[in-house]
Amino acid sequence: MIDKIKELIAEAEAFKAQTKEEVEAFRIKYLGKKGLLNEYFAEFKNVANDQKKEFGQAINTLKNTAQDKVNALKAELENASDNSTSNLDLSRPGEPITIGSRHPISIVKNQIIDIFSNIGFNVSEGPEIEDDWHNFTALNLPEYHPARDMQDTFFIQTNPDILLRTHTSSVQVRYMENNPPPIRTISPGRVYRNEAISARSHCFFHQVEGLYIDKDVSFADLKQTLQYFTTELFGKAKIRLRPSYFPFTEPSAEVDVYWGLETETDYKITKGTGWLEIGGCGMVDPNVLTNCGIDAEEYSGFAFGVGIDRIAMLLHQISDIRLLSENDVRFLEQFKSAL
Ligand code: DAH
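Reading the values: the criteria
- Residues numbered from 1 in each chain as written.
- Predicted model: local features only at pLDDT ≥ 70, side-chain atom pairs only at ≥ 80, totals over all residues.
- Heavy atoms only, no water.
- Helix = DSSP H or I, 4+ residues; strand = E, 2+ residues; numbered from the N terminus.
- Rg over C-alpha atoms; globule rule 2.2 N^0.38 Å.
- Buried < 20%, exposed > 50% of the residue type's maximum accessible area, 1.4 Å probe, protein only.
- Contact = heavy atoms within 4.5 Å.
- Lys, Arg positive; Asp, Glu negative; His and termini not counted.
- Charge placed at Lys NZ, Arg CZ, Asp CG, Glu CD.
- Near = heavy atom within 4 Å.
- Polar contact = N/O pair within 3.5 Å; in protein donor to acceptor, adjacent residues only side chain to side chain.
- Areas by Shrake-Rupley, 256 points an atom, 1.4 Å probe, with all protein chains shown as cover.
- Core = buried A, V, L, I, M, F, W, Y, C linked by side-chain atoms within 4.5 Å.
- Domains from an automatic or database assignment.
- UniProt positions renumbered as here; feature names shortened; annotations may be inferred.
- Phe/Tyr/Trp six-rings, centres within 6.5 Å; stacked < 30°, edge-to-face > 60°.
- Lys NZ or Arg CZ within 6 Å of the ring centre and 35° of its normal.
- Pairing = 2+ DSSP bridges.
- Axes fitted to C-alpha atoms, helices over the stretch in contact; angles between N-to-C directions.
- Expected span 1.5 Å × (residues − 1).
- Arc of directions from axis to C-beta.

Caption draft 1: Just the overall build of the protein, in detail. Looking only at helices and strands, one finds 13 helices and ten strands in the protein. Here the C-alpha atoms of the protein give a radius of gyration of 42 Å, more than 25% beyond the 20 Å that 2.2 N^0.38 yields for 339 residues. Principal-axis analysis of the C-alpha atoms places the extent of the protein at approximately 135 × 45 × 40 Å. The burial tally for the protein puts 42% of its 339 residues in the buried class. By sequence separation, contacts in the protein at least 24 residues apart represent 68% of the contacts at least 6 residues apart. Computing the positive centroid from 36 side-chain charges and the negative centroid from 50, the protein places the two 12 Å apart.

This is the structure we're talking about:
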C-alpha cells in the first residue's frame, strides 16, 4: 500500500492542467470528501502498528503534494487569464482592409492638371458662390445681354448680385485681376446650371478653364495647345474647331474630338456622330482684358473651357451622368488610379 501511495505522490507531482476544470477534477480525486486521501486516512486504523509511522508520513506527503499542486495550478491559470494577449490567436489571417478609390471626376481632373502642368500651366481656383461681376459682367456679358440666356443661372433670391457660378470662366477674371501677365493657368471646379436632370445633363457638373495671356499669342497657339491636350488625354489626335460665339472671346470656337463609334455608350454620348464636343475656346476679347486691368494693346491671349464629366463618361464608358453624383459604392469601387 505504501508503494501505491508513493506512486500517487509521483503522479500528483507530475500533474499538469490547462483549465480550471482539470484542476478541480484533480482536487476532487485527491482531496475531495470521497477522495483518495480520505480513503487512506480511513485505512490508517487497519495498518499494522509497526508500519503506522511510515504510512502516516506517506499520506501526509501525498496530502501536501496534492494541496501544493492545486494551489500552484490555480495561481498559474489565474495569471494566464489576467494576461490579455493569451486569448489572441496570432495565426489567424487578418481582416482585409478595403481601400478607397478616387472618384472618376477626380481621376480625369488630375490627368488634365498633369497634362497642362507639363507645358507650364499652374492650377488656380475660385469660389463656387460668385458675384455677377466675375461670372458675367467682366466677361463682356453685361446685364440684359441676351447671351446670359445661354446659361440658366441659379441666383440667390435675396441678393440678385450673388449666384452659383455657371462656368469656371469666372476664375480667369479673378486670376487676371490678381496676377500680371504672362499668365498660364488652368482652373478646375464645379459649376451649376438650372437644367433638367437627365442621363446626359445635370444641374451641376465640372469644368476646367484654361487661360494663356502673353505678348503675341495667336490662334495657332490655341489650336496647338488643344491638339496637344486631346492627344495626351484621349490618345487620339483628330480635333475640329467649329466657329461659335462666346461674349468673352473673339473669335470663338467649339472644340470637338473625334472619338469613334465602338460601343453603345459612344453612340449615346456623341449622339451617334462619333464626335464629342468637349468645350469652347477663343481669343480673349480685349474688353475682358481691359475689365481685368490688363493692357489689351500690349497683351493678347486665348482661353478655353472643357467639361470634365463628359470626358470621364467617354473614357470610362459611363452611360449616365447621374451615376457620377449618386455615390454608389458598387459604381465607385470600379475606379482605381495612380493619379
Ligand atoms: N464658359 C463656357 C461655357 O461654360 C466655355 C468657354 C468657352 C470657356 C470659351 C472659355 C472660352 O474660356 O474661351 O460654356
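Caption draft 2: How the structure looks around the site of the ligand. Taken together, 16 residues sit near the ligand, with H167, S169, R193, Q207 and E209 positioned nearest. Q172 is positioned with one of its side-chain polar atoms (N or O) 3.4 Å from an oxygen atom of the ligand. Between the ligand and the protein, one listed contact pairs an oxygen atom with a backbone N or O atom of A303 at 3.2 Å. Expressed as a share of its isolated accessible area of 360 Å², the protein-covered part of the ligand is 93%.

Caption draft 3: Summary view of the nonpolar core. Core analysis: the biggest nonpolar cluster contains 39 residues, and I112, F229, I278 and F304 have the highest contact counts within it. Those elements that provide at least two residues to this core are α5 (104-117), α8 (219-234), β8 (249-258), β9 (275-284), β10 (300-307), α11 (308-315) and α13 (329-332). For this core, the leading source of residues is α5, giving six residues. Sequence-distant contacts of I278, that is, excluding residues within four places in its chain, are made with F229, T230, F234, V255, V257, G305, V306, G307 and I311.

Caption draft 4: Fine view of the domain arrangement of the protein. Each domain of the protein was delimited in the assignment, giving domain 1 (2-84) and domain 2 (104-335). The gap between the C-alpha centroids of domain 1 and domain 2 is 90 Å.

Caption draft 5: Inspection of the UniProt feature "binding site: Mg(2+)" (unreviewed entry) in the protein at higher detail. According to UniProt, the feature "binding site: Mg(2+)" (unreviewed entry) maps to E250 in the numbering used here. Residue position: E250 is located in strand β8. Discounting residues that sit within four places of it in the chain, E250 has contacts with M283 and D285.

Caption draft 6: Representation of the packing of aromatic side chains in the model. Under the defined criterion, the tally for this structure stands at 15 aromatic pairs. Ring plane angle 15° and centroid distance 4.3 Å describe the contact between F15 and F26, whose orientation is recorded as stacked. Taken together, the positions of F15 in the loop between α1 (2-14) and α2 (20-31) and F26 in helix α2 put the pair eleven residues apart, joining distant regions of the chain. Judged by centre distance (5.1 Å) and plane angle (70°), the rings of F331 and F335 are edge-to-face. The same class applies to F331 and to F335, which are both buried. Over the aromatic face of F44 sits the side chain of K52, whose NZ or CZ is 5.4 Å from the ring centroid. The ring of W275 has R240 lying over it, and the distance from NZ or CZ to the ring centre is 4.1 Å.

Caption draft 7: Highlighting the sheet that holds strand β7 (residues 239-246). Reading across the sheet, the seven strands line up as β1-β5-β6-β10-β9-β8-β7 and stay open at both edges, with mixed pairing between neighbours. Looking at the sheet topology across the chains shown, the edges are occupied by β1 (122-123) and β7. Packed onto the sheet, α5 meets β1, β5 (183-192), β6 (204-214) and β10 and runs at close to 165° relative to β5.

Caption draft 8: α5, seen in detail. With 14 residues, α5 ought to run about 20 Å at 1.5 Å a step, and its terminal C-alpha atoms sit 20 Å apart, in line with that. The set of residues buried in α5 consists of P104, I105, I107, V108, I112, I115 and F116. Along the axis of α5, the buried residues cluster in a sector spanning 165°; they form a single face.

Caption draft 9: Looking closely at the pairing of β9. Summarising burial for β9: nine of the ten residues are buried, a large majority. Where β8 lies against β9, eight bridges are found, and the strand directions are antiparallel. Looking across to β9, one finds that D256 is bridged to E277. With five bridges joining them, β9 and β10 adopt antiparallel strand pairing. Residue C281 lies in a different strand from β10, and its bridge partner there is F304.

Caption draft 10: Local environment of the side chain of D285. By the secondary structure assignment, D285 is in the loop between β9 and α10 (286-291). Those residues in contact with D285 that lie beyond four places of it in its chain are N140, P247, F248, T249 and E250.

Caption draft 11: Looking closely at the sheet that holds strand β4 (residues 159-164). Taken in spatial order, the three strands make up an open sheet running β2-β4-β3, and their pairing is antiparallel. Every interior strand has two partners, whereas the edge strands, β2 (129-131) and β3 (155-156), have only one. Two elements, β3 and β4, share two bridges in a ladder whose sense is antiparallel. Within the sheet, the bridge partner assigned to F155 lies in β4 and is L163.

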